[in-house]
Amino acid sequence: MLTKRILLRALVAVTTVCALGSTFAQEAAESSLARVQRTKVLRVGAVAGAIPYFAKDITTGKWEGFGPDFAESLGQKLGAKVEYVETTWGNAVLDLQSNKIDAMFGMAPTPARKEVVGFSDTLFDNTYTVVCKKGIPQKTWEQLNSPDMKIVVDVGSSHDQLATRVLPKADVSRLENSGAATMSLQAGRSDCQILVILLAQPLLAKRGSIGTMYIPQPVYTAPVSIGLRKEADTGMQKAVNAWLADVRAKGDVRSIILKNMEKLAGVPASAFPPEIKF
């Protein structure tokens, strides 16, 4: 009798393991679009405090920002409920690779990232600016490219990449993050900080005395996209791009960005120069 019980338990255990293995294999082989269609859930990465991209209400737990606004619109298009998975900009690529999330709004399609994750078409272009301390006149990028110009950037960022490409002669300081770079500007150790406009405007809204924002000529922009899983099945990418083409045609991209800039960052639409397009 004891032997029979042991054999029965072993059989149940083997059956359970096989079933779990089959489930895991199915999930691993399942495309992103197929999973969303099956579960009716769209998993989206969200970064706390990344205003105006993401902001989490600590009282209600609700996510705000143009990331969640875009996500809810896409979820509606796909017939799915949006589930937010808290992450960081640094971990979002790994979360896509490990199938923890289906989409990451606001991700820049750098060459390194393109090797390991997929991307949608461009969501919007983020214009590069310089925030310069008082007394520094407006300059072109060519004029900023001088040994007597002290430029500060956050190391490894798109700001850093731009400085490397267009300001090889300038005295460029590369600090650990954007906040440290801003402190260098505020303390007078740097003349100008390179920032995309969606970061420069909120900075000036909070600390207007820190300096003046310029858009040097020629205008350089950084494409911002939606990070997706890199997979052979392109169904998800095609679905996202179709949704994106629709919202761009309606002018929703610009309206969502401007709405959140004013609501979360205190930057009115009138603060953006006319040459800025989203």
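Residues numbered from 1 in each chain as written. Predicted model: local features only at pLDDT ≥ 70, side-chain atom pairs only at ≥ 80, totals over all residues. Heavy atoms only, no water.

(A) How the structure looks around the overall build of the chain. Along the chain, the regular secondary structure elements total 11 helices and 12 strands. The burial tally for the chain puts 46% of its 278 residues in the buried class. The long-range share in the chain, meaning contacts at least 24 apart out of those at least 6 apart in sequence, stands at 70%. In the form shown here, the chain has an accessible surface area of approximately 14,200 Å², with 55% of it arising from carbon and sulfur atoms. (Helix = DSSP H or I, 4+ residues; strand = E, 2+ residues; numbered from the N terminus. Buried < 20%, exposed > 50% of the residue type's maximum accessible area, 1.4 Å probe, protein only. Contact = heavy atoms within 4.5 Å. Areas by Shrake-Rupley, 256 points an atom, 1.4 Å probe, with all protein chains shown as cover.)

(B) Layout of the environment of Glu30. Relative to the assigned elements, Glu30 resides in the loop between helix 1 (2–29) and helix 2 (32–39). Taking relative accessible area as the criterion, Glu30 reaches 13% and is therefore assigned buried. In sequence terms Glu30 and Glu231 are 201 residues apart; their C-alpha atoms lie 9.9 Å from each other. With sequence-adjacent residues up to four places away left out, Glu30 is seen in contact with Arg35, Arg38 and Arg229. Polar side-chain contacts of Glu30 include one of 2.7 Å to the side chain of Arg38. (Polar contact = N/O pair within 3.5 Å; in protein donor to acceptor, adjacent residues only side chain to side chain.)

(C) Examining the packing of aromatic side chains more closely. For the coordinates displayed, the defined rule picks out 13 aromatic pairs. Look at Phe54 and Trp89: their rings are 6.0 Å apart centre to centre, the planes differ by 55°, and that puts the pair in the tilted class. Placement of Phe54 in the loop between strand 1 (41–46) and strand 2 (55–56) and of Trp89 in the loop between strand 4 (81–86) and helix 4 (92–97) is noted, with a sequence separation of 35 residues between them. A relative accessible area of 29% means that Trp89 is categorised as partly exposed. Plain terms: the ring middles of Trp63 and Tyr84 are 6.4 Å apart, the flat faces sit at 40° to each other, and that makes the pair tilted. Placement of Trp63 in strand 3 (residues 63–64) and of Tyr84 in strand 4 is noted, with a sequence separation of 21 residues between them. According to the relative accessible area criterion, Tyr84 is partly exposed, its value standing at 23%. Among the aromatic residues, those joined into a ring-pair cluster are Tyr53, Phe54, Trp63, Phe66, Phe70, Tyr84, Trp89, Phe105, Phe124, Trp243, Phe272 and Phe278. Lying across the ring of Tyr220, Arg165 places its NZ or CZ 5.6 Å from the centre. (Phe/Tyr/Trp six-rings, centres within 6.5 Å; stacked < 30°, edge-to-face > 60°. Lys NZ or Arg CZ within 6 Å of the ring centre and 35° of its normal.)

(D) Geometry of the state of the cysteines. Overall, the coordinates contain one disulfide when judged by the stated rule. Note that Cys132 is cross-linked by a disulfide to Cys192, the S-S spacing being 2.1 Å. Measuring handedness by torsion sign, the sulfur bridge of Cys132 and Cys192 sits at about 105° and is right-handed. Of this pair, Cys132 sits in strand 7 (residues 124–132) while Cys192 is found in strand 10 (residues 192–196), placing the two residues 60 residues apart along the sequence. For Cys192, a relative accessible area of 0% corresponds to the buried category. (Disulfide = S-S within 2.5 Å.)

(E) Broad picture of the confidence of the model for the chain. Of the residues in the chain, 90% reach a pLDDT of 70 or more, and the chain-wide mean stands at 89. Taken together, the stretch residues 10–27 has pLDDT below 50 and engages in one contact with residues farther than four places along the chain or on a different chain. (pLDDT = per-residue confidence, 0-100.)

(F) Structural detail: unusual backbone geometry. At the junction of Ile51 and Pro52, the peptide bond is cis and its omega measures out at 5° in the coordinates. Residue placement: Pro52 occurs in the loop between strand 1 and strand 2. In this structure, Pro218 follows Gln217 across a cis peptide bond, with omega equal to -5°. With respect to the secondary-structure elements, Pro218 resides in the loop between strand 11 (212–214) and strand 12 (221–228). In this model, Lys40 sits at a positive phi of 60°, which is unusual for a non-glycine residue. Among the secondary structure elements, Lys40 is positioned in the loop between helix 2 and strand 1. A positive phi is found at Asn99, a non-glycine position, where the angle reads about 65°. By secondary structure assignment, the location of Asn99 is in the loop between helix 4 and strand 5 (103–107).

(G) Geometry of the side chain of Asp102. Structurally, the position occupied by Asp102 is in the loop between helix 4 and strand 5. Looking at Asp102, the relative accessible area reads 0%, which means it is buried. At 2.5 Å, the side chain of Asp102 forms a polar contact with the side chain of Arg35. Not counting residues up to four positions away in its chain, the partners in contact with Asp102 are Arg35, Val36, Val41, Leu42, Arg43, Leu96, Gly227, Leu228, Arg229 and Met236.

(H) Representation of helix 11 (residues 252–265). Its 14 residues give helix 11 an end-to-end C-alpha distance of 19 Å, which sits within 8% of 20 Å, the value for a rise of 1.5 Å per residue. Taken as a whole, helix 11 has its buried residues at Val253, Ile256, Ile257, Leu258, Asn260, Met261 and Ala265. On its buried side, helix 11 packs onto helix 3 (66–78), strand 7, helix 9 (197–206) and helix 10 (235–250). (Expected span 1.5 Å × (residues − 1).)

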